[in-house]
Amino acid sequence: MYIMSEDGKRVVNAAYVEQFDIDVKPDAALVKARYGTEAESIPAILGRYKDLEEAKNALMDLMMAIVGGQTHYFMPESSYYGPKTVKDARVKRRGGS
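(A) Geometry of the overall build of the protein chain. For the protein chain, the helix and strand inventory stands at one helix and six strands. Secondary structure elements in the protein chain, listed N-terminal to C-terminal, are β-β-β-β-β-α-β. Roughly 7,200 Å² of accessible area belongs to the protein chain as shown, and the carbon and sulfur atoms make up 54% of that amount.

Here's what the structure looks like:
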């Protein structure tokens, strides 16, 4: 199974991954894929989520996709770190001539 990361910048082949885990940081929870033991491998970050609960839901969805035998899976976007809309900072003129 191929997994596209949450930001769309990385594709991971799940057949070679030994472990998926969550790493909680002060500002985010990261879903990672590890290829070997923790000491010898550099983890691939699959998603960055607002809190532990959102990361657990993403990891559970990934597990269900792997168990279900899907051939590909897209990590869900974060509600906090996902695409942001940019507001126009210019002042809108109102009324008057």
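Let's pick the thread back up.
(B) Expanded view of the nonpolar core. Ranked by size, the top nonpolar core spans 17 residues in total, and within it Ile3, Leu46, Tyr73 and Met75 carry the most contacts. Those elements giving two or more residues to this core turn out to be β4 (29-34), β5 (44-49) and α1 (52-68). Take this core: its biggest share by element is four residues, from α1. The contact partners of Leu46, leaving out residues within four places of it in the chain, are Ile3, Ser5, Glu6, Val12, Phe20, Val31, Lys32, Ala33, Leu62 and Met75.

(C) A look at the pairing of strand β3 (residues 19-24). In this structure, β3 lies alongside β4, joined through six bridges in antiparallel fashion. Within the sheet, the bridge partner assigned to Asp23 lies in β4 and is Leu30. Count of turn residues in the β3/β4 antiparallel hairpin: four residues.

What counts and how
- Residues numbered from 1 in each chain as written.
- Predicted model: local features only at pLDDT ≥ 70, side-chain atom pairs only at ≥ 80, totals over all residues.
- Heavy atoms only, no water.
- Helix = DSSP H or I, 4+ residues; strand = E, 2+ residues; numbered from the N terminus.
- Areas by Shrake-Rupley, 256 points an atom, 1.4 Å probe, with all protein chains shown as cover.
- Core = buried A, V, L, I, M, F, W, Y, C linked by side-chain atoms within 4.5 Å.
- Buried < 20%, exposed > 50% of the residue type's maximum accessible area, 1.4 Å probe, protein only.
- Contact = heavy atoms within 4.5 Å.
- Pairing = 2+ DSSP bridges.

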